[in-house]
Amino acid sequence: MNIERPISATRKHAFAVSALLIVSVCPGRALGEDNPRDPAAAEALYLSGRKLVTDGNWAEGCAKFEASMELNPAASTLINIAKCREHEGKLTQALVDYRRAVQLNQDTLGEERKKQLEQVAKDGIAEIEPRLAHVELVVNARPEGLEVVRDGIRLPLAALGETIPLDPGKHMFEASAPGFETIERNIELAEGQKARVELALVPAVAVAKTPASPPTDKPKPPPASGGVPAWAFVAGGLGLAAVGAGVYFRFDQMAAEERIQANCPGTPPICDPTKPYRPDDDNTRKDRSFYLFVGLTAVGAVGIGAAVVGIARGLSQKKPQAQSLHVVPYVGRGDGGLVLQGAF
């Protein structure tokens, strides 16, 4: 990710002067090369690259500088390549090229030109160094087989704990080791930012896979209850409980009626106003108990009926003979309930 920032007028002026100085100096032959490959072609490529960069065509111009460097290494050419890296936002590589240019400049012919190139390279170094981001990479543990990767480049373990310069922009750090989860961390660095990246390795959790049971054609055994589903017993139990509660309220209704009849004889009951007894509470109790009796008995009948159907079907699967079941409600003066009749 290239990060551009505004350039002040002073910096623009300094850049222009340095650029003029660079392009005005022809690439010299490095004395360290006994047999230069092709200095004439290198100079032609250099001049072509200078014109392209001056016209704003950095991509093709930088390619010319690199080709010239291959044919005849020179400090001036390497400084222009460093300028190309800086323009691309690759500040760390630009800094390396500037420093290499200072070393290569020792072989430049002519003291005046050598001083000019050295000053341009050092100015480039001073300009780039404050803009670089710096990261200290720390891994909490170093198990056997640990691998650390930054932006797809494997780092030596000796780099851990050291502060490393990086280009501003987005970077990805990754740590992995056998038996541990792979840890990734993405960060975005601004110019001049200093950061500490910690990667905490976590042991991998082994997940045991349960083998799938092989298919079988064996029929499933019948239910322990002889084919009767469990819900039938639940429905029957709830139905009996509801009927029992309904019978209770039937008796409570009858008790309320007897109390009213005892204090207010006759049909309809006529109460003596001279007595303190008032039938209002007993009338309410009688009506409430009656409705509860009817409702609970009906619900119980449904539950028991469902249970009978479930039991009948279950038994029919075991014993396929004719069966007859009937549920008959029964209400008497002093009792009530349901009668289950049938033949098995």
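Rules behind the numbers
- Throughout this document, residue positions are counted from 1 along each chain, in the order its sequence is written.
- In keeping with the predicted nature of the model, local features appear solely for residues at pLDDT of at least 70, side-chain atom pairs appear and are counted solely at 80 or more, and the whole-chain, interface and lining totals rest on all residues.
- The basis for every side-chain value is the complete set of non-hydrogen atoms in the structure, without hydrogens or water.
- Strands here mean DSSP runs of E at least two residues long; helices mean DSSP runs of H or I at least four residues long; both are numbered from the N terminus.
- The buried label applies to any residue whose accessible area, calculated with a 1.4 Å probe on protein chains only, is under 20% of its type's maximum; exposed applies above 50%, and partly exposed to all values in between.
- By definition in these notes, contact holds between two residues if any of their heavy atoms fall within 4.5 Å.
- Per-residue and other accessible areas were derived by the Shrake-Rupley procedure at a 1.4 Å probe size, with only the shown protein chains allowed to occlude residues.
- Buried residues of nine kinds, namely Ala, Val, Leu, Ile, Met, Phe, Trp, Tyr and Cys, make up a nonpolar core once their side-chain atoms join them within 4.5 Å.
- In this analysis an axis means a line fitted to C-alpha atoms, helices contributing only their contacting stretch, and an angle means the value between N-to-C directions, from 0 to 180 degrees.
- Under this scheme an angle from 65 to 115 degrees is roughly perpendicular, one under 35 degrees roughly parallel, and one over 145 degrees roughly antiparallel; angles in between are oblique.
- By convention the crossing between two helices is left-handed if the near helix lies anticlockwise of the far one by an angle smaller than a right angle, and right-handed if it lies clockwise.
- Charged means Asp, Glu, Lys or Arg here, nonpolar means Ala, Val, Leu, Ile, Met, Phe, Trp, Tyr, Cys or Pro, and polar covers whatever is left, Gly included.
- The span you would expect from a helix comes to 1.5 Å times its residue count less one.
- UniProt positions are given in the numbering used here, feature names are shortened, and annotations may be inferred rather than shown by experiment.

Looking at an unreviewed UniProt entry, one finds the protein named PEGA domain-containing protein and attributed to Polyangium sorediatum.

A.B. asks: Where do I start with the overall build of the protein in this structure?
C.D. replies: If you tally the helices and strands in the protein, you get eight helices and nine strands. In the protein, which comprises 344 residues, the proportion classed as buried is 33%. When contacts within the protein are restricted to residue pairs at least 6 apart in sequence, those whose partners lie at least 24 apart make up 61%. For the protein, the accessible surface area stands at approximately 21,100 Å², while carbon and sulfur atoms represent 58% of it.

A.B. asks: How do you make sense of the nonpolar core when you look at a structure like this?
C.D. replies: The tendency in soluble globular proteins is for nonpolar side chains to be buried side by side. Counting 25 residues, the largest nonpolar core has Phe65, Ile79, Tyr98 and Ile128 as the members making the most contacts within it. Those elements that place two or more of their residues in this core are helix H2 (39-54), helix H3 (58-71), helix H4 (75-88), helix H5 (91-104) and helix H6 (111-128). Contact partners of Ile128, with chain neighbours within four places excluded, come to Glu86, Leu91, Ala94, Leu95 and Tyr98. Among the nonpolar cores identified, the runner-up in size contains 17 residues, and Val135, Val148, Phe173 and Leu189 belong to it.

A.B. asks: When you look at the packing of H2 against H3 in this model, what are you seeing that I'm missing?
C.D. replies: Geometry of a packed helix pair, given as the angle between the helix axes and the separation of the axes. Between H2 and H3, whose axes approach to 8 Å, the crossing angle comes to 160°. Comparing their axes, H3 and H2 come out roughly antiparallel. Of the two elements, H2 crosses H3, and the hand of that crossing is left-handed. Residues Ala41, Ala42, Leu45, Tyr46, Ser48, Gly49, Arg50, Leu52 and Val53 of H2 lie in contact with H3, whose contacting residues are Trp58, Glu60, Gly61, Cys62, Lys64, Phe65, Ala67, Ser68 and Leu71. When the residues that make up the contact of H2 with H3 are grouped by side-chain class, the tally is 11 nonpolar, four polar and three charged.

A.B. asks: I'm lost on H4 in this one. Help?
C.D. replies: With 14 residues, H4 extends 20 Å between its outermost C-alpha atoms, agreeing within 8% with the 20 Å of an ideal straight helix rising 1.5 Å per residue. The element H4 is largely enclosed, with a buried count of 12 among its 14 residues. Of the positions making up H4, those classed as buried are Ala75, Ser76, Thr77, Leu78, Ile79, Asn80, Ile81, Ala82, Lys83, Cys84, Arg85 and Glu86. Note on H4: the residue one or two positions beyond its end, Gly89, has a positive phi of about 90°.

A.B. asks: Quick question: what am I supposed to make of the UniProt feature "transmembrane region" (unreviewed entry) in the protein here?
C.D. replies: UniProt marks residues 228-249 and 290-312 with the feature "transmembrane region" (unreviewed entry), using the numbering shown here. Between the end C-alpha atoms of residues 228-249 there is a gap of 32 Å, over a span that is 91% helix and 0% strand. What you have in residues 290-312 is 100% helix and 0% strand, and the ends, taken at the C-alpha atoms, are 32 Å apart.

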